[in-house]
Amino acid sequence: MNSVVGTRTVSGVSSGKNNGSSYKQYSYESQTVTKDLVDYLLKTLVKDGWTPTVDFNLEEIPGKAQLATKSTEAGKVILMDVSYKQADYTIKITQMKGTLKSK
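A brief report on the enclosed structure follows. (Residues numbered from 1 in each chain as written. Predicted model: local features only at pLDDT ≥ 70, side-chain atom pairs only at ≥ 80, totals over all residues. Heavy atoms only, no water.)

What follows concerns the sheet that holds strand β4 (residues 63-70). Read from one edge to the other, the open sheet built from six strands follows the order β1-β2-β6-β5-β4-β3, with strand pairing classed as antiparallel. Whereas interior strands pair on both sides, the edge strands pair on one side only; in this sheet they are β1 (10-18) and β3 (51-52). Two elements, β4 and strand β5 (residues 76-84), share eight bridges in a ladder whose sense is antiparallel. Within the sheet, the bridge partner assigned to Ala65 lies in β5 and is Val82. (Pairing = 2+ DSSP bridges. Helix = DSSP H or I, 4+ residues; strand = E, 2+ residues; numbered from the N terminus.)

Attention shifts here to the pairing of β4. Burial analysis of β4 places six of its eight residues in the buried class, the great majority of the element. In this sheet, β4 lies alongside β3 in antiparallel orientation, the contact comprising two bridges. Across the sheet, the residue bridging to Pro52 is Leu67, located in β4. Counting the residues between successive antiparallel strands, the hairpin from β4 to β5 contains five residues, one of them, Gly75, with a positive phi of roughly 80°. (Buried < 20%, exposed > 50% of the residue type's maximum accessible area, 1.4 Å probe, protein only.)

Let's shift gears to the pairing of strand β2 (residues 21-29). Note on strand geometry: in a regular strand, side chains alternate between the two faces of the sheet. For β1 and β2, the ladder comprises eight bridges, and the chain directions are antiparallel. Counterpart to Val10 in the pairing with β2 is Tyr28. Taken together, β1 and the strand that follows it, β2, pair antiparallel across an intervening segment of two residues, in which Asn19 is found at a positive phi of about 55°. In this sheet, strand β6 (residues 88-97) lies alongside β2 in antiparallel orientation, the contact comprising eight bridges. Opposite Glu29, over in β6, you have Asp88 as the bridge partner.

Moving on: the environment of Leu79. Relative to the helices and strands, Leu79 is located in strand β5. In sequence terms Leu79 and Asp39 are 40 residues apart; their C-alpha atoms lie 18 Å from each other. In this structure, Leu79 is in contact with Gln66, Leu67, Ala68, Lys92, Ile93, Thr94 and Met96, ignoring residues within four places of it in sequence. (Contact = heavy atoms within 4.5 Å.)

Proximity of charged atoms lets side chains of opposite charge pair with each other. For the coordinates displayed, the defined rule picks out three salt bridges. Here Lys43 makes a salt bridge to Asp39, at a shortest N to O gap of 3.4 Å. Taken together, the residues Lys43 and Asp39, both in helix α1 (residues 33-46) and four residues apart, mark about one turn of the helix. Of the residues examined, Lys43 reaches a relative accessible area of 53% and is grouped as exposed. Residue Glu73 pairs with Lys76 through a salt bridge whose shortest N-O separation is 3.3 Å. Each of Lys35, Asp39 and Lys43 takes part in salt bridges that share partners, so that together they form one network. (Salt bridge = Lys/Arg side-chain N within 4 Å of Asp/Glu carboxyl O.)

Below is the structure:
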């Protein structure tokens, strides 16, 4: 199965539409949730230009995070919602109409 978080095993994948926007959701089981998410969200995505849209603390479990980036499709953004618990997490990726504003 495809994995958003590098070599982690995907325990479930779903897709659909929500308010006219398509999404794909990946579920993972992990004994290293905080490390996985720090490595993926902070060390990879933020470094590559993804913008956090809410304040989050990956050390506080359970928790949620959200990041966004421009889509290659004009007038759209990619939104990543992350929900995490002690031994698992889900990453939902949605492409939707919108723009990102710089601070």
